[in-house]
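# Analysis of the macromolecular model
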Amino acid sequence: MIFKLIKISFAIAVLAAILLFYFQLWPFWPVLLIILVYAILILILSTNVQLNFFVKAYNKNPDFSQNVISLSFDDGPDENTLKILDILDQYDAKAVFFCIGRKIKEHPEIFKEVINRGHIVGNHTFSHTRKMGFLGSRTILNEIKKCDEIADEIGEVKMNLFRPPFGIINPKTQRALSKTGHKVIGWNIRPYDAITKSPEKILQRITKKINRGDVILLHDNMPNTAPILEQLLVILKQRKIGIVRADKLFDIHAYN
Ligand SMILES: [Zn+2]
């Protein structure tokens, strides 16, 4: 609704600016400025899942009854996922894994292992393409459906949770999700483990601001993540912060 209003205001502003320019009451640069401001606004709204603008996402739950946080892992299943699973087992911690359909196909046994060890899995599209922000709603819909199908075929689960690749939720994603009905799980702590080299820096980004009900975004395909997780779990234990699965943190169903 708000987005429709923004679109209408934008169209009116551009039209008015062009008319003013045509009647030589205005130079052309304000037209460009309006278009630029609109483009930046859409970029900010589409790439910040925490803003809950196009879709309501579950990013944190500070009101949860216990002092716990939730761990989420994206971009698997992968050989590195097995190390993560072993570490989580040592601390009896359960997490959510947002899996890429193409990789579920590549590593079906690891995918099943994630489920068998008591974790939950969610949809992270089939291909996780870098063009995510430019796809049409039908293509996004197919990406989500294809990932669901392969997960059901291999893991016998009907996934209800979705995490958008790169956190991109634009009107096209919104349209696709209105058809599939998935619940979107965002995050509020992102230590950039997929792009930062220094494990100390990654760990520091998590631990310096961790609070009750936080959702941490990590990547189980990154070789750095397992040793970081090991240290993180020690720190959480020292601070008496527990770990709860995202479906329990938000009281929603992981599967249909
Ligand atoms: Zn991803």
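What you see is a predicted model, and the numbers here were worked out from it, not measured in a lab. (Residues numbered from 1 in each chain as written. Predicted model: local features only at pLDDT ≥ 70, side-chain atom pairs only at ≥ 80, totals over all residues. Heavy atoms only, no water.)

### Some remarks on the domain arrangement of the protein
Condition: Here the bounds of each domain stem from an automatic or database domain assignment. We call two residues contacting when some pair of their heavy atoms lies within 4.5 Å. Throughout, the accessible surface (probe 1.4 Å) given up by two parts as they are put together, summed over both, is called the buried area. Definition used for salt bridges: Asp or Glu carboxyl oxygen within 4 Å of a side-chain nitrogen of Lys or Arg. N or O atoms within 3.5 Å of each other form a polar contact, as long as, within protein, one can give a hydrogen and the other can take it, and as long as residues adjacent in sequence are counted only when both atoms are side-chain atoms.
Segmenting the protein into domains produces domain 1 (2-47) and domain 2 (57-249). Using C-alpha coordinates to define each centre, domain 1 is positioned 37 Å away from domain 2. Counting from both sides, the interface comprises 4 residues of domain 1 and, opposite them, 5 residues of domain 2. Between domain 1 and domain 2 lies a buried interface of about 330 Å² when both sides are counted; carbon and sulfur atoms form 55% of it. Connecting domain 1 to domain 2 are 0 salt bridges. Scanning the region where domain 1 abuts domain 2 turns up 1 residue pair in polar contact (both at pLDDT 80 or more).

### Quick look at helix H6 (residues 137-155)
Selection criterion: Strands are runs of DSSP state E lasting at least 2 residues, helices are runs of H or I lasting at least 4, and numbering of each runs from the N terminus. Each helix should span, by expectation, one fewer than its residue count multiplied by 1.5 Å.
With 19 residues, H6 should reach 27 Å at 1.5 Å per residue; the first-to-last C-alpha distance of 26 Å fits that figure. Here the buried face of H6 lies against strand S3 (96-99), helix H4 (101-106), helix H5 (108-116), strand S4 (120-123), strand S5 (161-162) and helix H7 (171-180). Backbone geometry just downstream of H6 places Glu156 in the positive-phi region, at approximately 55°.

### Remarks on the nonpolar core
One recurring pattern in soluble globular proteins is that nonpolar side chains are buried together. Selection criterion: Grouping buried Ala, Val, Leu, Ile, Met, Phe, Trp, Tyr and Cys residues that are joined through side-chain atoms within 4.5 Å yields what is termed a nonpolar core. The rule is simple: take the accessible area with a 1.4 Å probe, protein chains only, and divide by the maximum for that residue type; under 20% is buried, over 50% is exposed, in between is partly exposed.
In this structure, Leu71, Phe73, Leu88, Phe97, Phe111, Val121 and Ile216 are the most contacted members of the largest nonpolar core, which totals 37 residues. Taken together, the elements giving at least two residues each to this core come down to strand S2 (68-76), helix H3 (79-90), S3, H5, H6, helix H8 (199-207), strand S7 (215-219) and helix H9 (225-238). The element best represented in this core is H9, accounting for 7 residues. Non-local contacts of Phe73, meaning those with residues more than four positions away in its chain, are made with Ile84, Leu88, Ala95, Val96, Phe97, Phe98, Leu218, His219, Asp220, Thr225 and Leu229.

### Brief notes about the side chain of Asp78
Here Asp78 shows up in the loop between S2 and H3. Here Asp78 falls in the buried class, since its relative accessible area comes to 12%. A polar contact of 2.9 Å, which involves the side chain of Asp78, links it to the backbone nitrogen of Asn80. Beyond its immediate chain neighbours, meaning those up to four positions away, Asp78 contacts Lys103, His107, Ile110, Asp220 and Asn221.

### Focus on H8
Under the convention used in this document: Within this analysis, the arc is defined by the directions that extend from the helix axis to the C-beta atoms.
Within H8 the residues assigned to the buried category are Ile202, Leu203, Ile206 and Thr207. The arc that holds every buried residue of H8, seen down its axis, measures 120°, which confines them to one face. The inward-facing, buried residues of H8 contact S7 and H9.

### Some thoughts on the UniProt feature "transmembrane region" (unreviewed entry) in the protein
The criterion, for reference: UniProt positions are given in the numbering used here, feature names are shortened, and annotations may be inferred rather than shown by experiment.
UniProt marks residues 5-25 and 31-55 with the feature "transmembrane region" (unreviewed entry), using the numbering shown here. Across residues 5-25, helical content stands at 86% and strand content at 0%; the span's end C-alpha atoms are separated by 26 Å. Between the C-alpha atoms that bound residues 31-55 there is a distance of 30 Å. The span itself is 68% helix and 0% strand.

### Structural notes on the coordination of the zinc ion
The condition that has to hold: Atoms of type N, O and S within 2.8 Å of a metal are treated as its donors, and for Na, K and Ca the window is 3.2 Å; water is not considered, so some sites may appear to be missing partners.
Looking at the metal site, the zinc ion is ligated by Asp75 (OD), His124 (NE2) and His128 (NE2), spaced 2.0 to 2.1 Å from it. Residue classification places His128 among the buried residues on the basis of a relative accessible area of 13%.

### Considerations on the environment of Gln238
Positionally, Gln238 belongs in helix H9. Judged by its relative accessible area of 58%, Gln238 falls in the exposed class. Put simply, Gln238 and Ser198 are 40 residues apart on the chain and 23 Å apart in space, counted from C-alpha to C-alpha.

### Side note on the packing of aromatic side chains
Put simply, the rule reads: Side-chain rings of Phe, Tyr and Trp (the six-membered ring for Trp) are treated as a pair once their centres are within 6.5 Å; stacked means planes under 30 degrees apart, edge-to-face means over 60, and tilted covers the remaining angles. Counted as over-ring charges are cases with an Arg CZ or a Lys NZ within 6 Å of the ring centre that also lie within 35 degrees of the ring normal.
By the definition in use, this model includes 4 aromatic pairs. Look at Tyr22 and Phe23: their rings are 5.3 Å apart centre to centre, the planes differ by 85°, and that puts the pair in the edge-to-face class. In terms of burial, Tyr22 and Phe23 fall into one category: exposed. The interplanar angle of 50° and the centroid separation of 5.2 Å between the aromatic rings of Tyr58 and Phe250 together place this pair among those described as tilted. Placement of the pair is Tyr58 in strand S1 (residues 57-58) and Phe250 in the segment after helix H10 (246-249), with a sequence separation of 192 residues. Of the two residues examined, Tyr58 and Phe250, each falls in the buried class. The ring of Tyr58 carries Lys56 above its face, with NZ or CZ at 4.3 Å from the centroid. Above the ring of Phe126, the side-chain terminus of Lys146 is found at 4.2 Å from the ring centroid.

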